[in-house]
Amino acid sequence: MAKLTKAQREWRPGMPKKRRSTKVMFASTVLLLEAFVMFFATLAVFGLRRGEFPPALILGVGIGLSVVMIVACAFLTRPWGIGLGWILQLVLILTGIIEPAMFLVGTLFAAAWWYGIRTGIRLDREAGERAREQAEWEAAHPDQAAGPASGPGQQPQSP
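Bear in mind that the values here come from a model prediction, so they are computed numbers and not experimental data.

A. How the structure looks around the overall build of the chain. Secondary structure assignment for the chain yields 5 helices and 0 strands. Its helices and strands in sequence order give the chain the pattern α-α-α-α-α, from N to C terminus. Radius of gyration (C-alpha) of the chain: 23 Å, far over the 15 Å computed for a compact globule of 159 residues. Here the C-alpha coordinates of the chain stretch approximately 80 × 40 × 35 Å along the principal axes. Expressed as a percentage of the 159 residues in the chain, the buried residues total 25%. Across the chain, contacts joining residues at least 24 apart in sequence account for 67% of those joining residues at least 6 apart. If the 17 positive side-chain charges of the chain are averaged to one point and the 11 negative ones to another, these points end up 8 Å apart.

Here's what the structure looks like:
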């Protein structure tokens, strides 16, 4: 039998589902896309500049950065996770020193990162406000909080 996660062990019937952060989802998406771009940029540098740099160094640094970007997704919920993401944005831009096209690519991804973080914070705040208002409404209307017994277009059930 598979080992249960902490959330699965602590779950009880009727518990509300914990809301996932939109900011974290947007940030994870950007970091995963950057990891793919970093991998393919590594292959490009390996093919174009193999004579200038040792191949093992090119592959090691490039693939290592890709892995770090993927692993960083796991830390985005921590207080320092977004800061780590900003550092990775700077590193991606600085790879333009080796391959000049990466200055543009890194800058565009940094803009996507900034927009995703900013928009995610706004959406998370709005979702929190909606959840609070819903909880207030349900507290004020306990007879209707469980939902209607029959929805629109449905026949009422007889006992």
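Let's pick the thread back up.
B. Spotlight on the pattern of salt bridges. The full count for this structure, using the stated rule, is 4 salt bridges. Residue Arg 122 pairs with Glu 126 through a salt bridge whose shortest N-O separation is 3.3 Å. Within this pair, Arg 122 and its partner Glu 126 are both found in helix α5 (residues 101–140), separated by 4 residues, close to a single helical turn. Its salt-bridge partner being Arg 132, residue Glu 136 comes within 3.8 Å of it at the nearest N-O pair. Of the two residues, Glu 136 and Arg 132 both sit in helix α5, 4 residues apart, roughly one turn of that helix. Several salt bridges share partner residues, and in doing so they unite Arg 49, Glu 52 and Glu 99 into one network.

C. Representation of a nonpolar patch on the surface in the model. On the surface, a cluster of nonpolar side chains totalling about 630 Å² of accessible area is made up of Phe 36, Phe 39, Phe 40, Leu 43, Ile 63, Val 67 and Val 71. Looking at the nonpolar patch, the elements that each hand over two or more residues are α2 (22–48) and α3 (55–72). At 4 residues, the largest contribution of residues to the nonpolar patch is made by α2. One can find Leu 43 in helix α2.

Thresholds applied
Residues numbered from 1 in each chain as written. Predicted model: local features only at pLDDT ≥ 70, side-chain atom pairs only at ≥ 80, totals over all residues. Heavy atoms only, no water. Helix = DSSP H or I, 4+ residues; strand = E, 2+ residues; numbered from the N terminus. Rg over C-alpha atoms; globule rule 2.2 N^0.38 Å. Buried < 20%, exposed > 50% of the residue type's maximum accessible area, 1.4 Å probe, protein only. Contact = heavy atoms within 4.5 Å. Lys, Arg positive; Asp, Glu negative; His and termini not counted. Charge placed at Lys NZ, Arg CZ, Asp CG, Glu CD. Salt bridge = Lys/Arg side-chain N within 4 Å of Asp/Glu carboxyl O. Patch = residues over 30% accessible without salt bridge, like charges linked within 9 Å, V, L, I, M, F, W, Y side chains within 5 Å. Areas by Shrake-Rupley, 256 points an atom, 1.4 Å probe, with all protein chains shown as cover.

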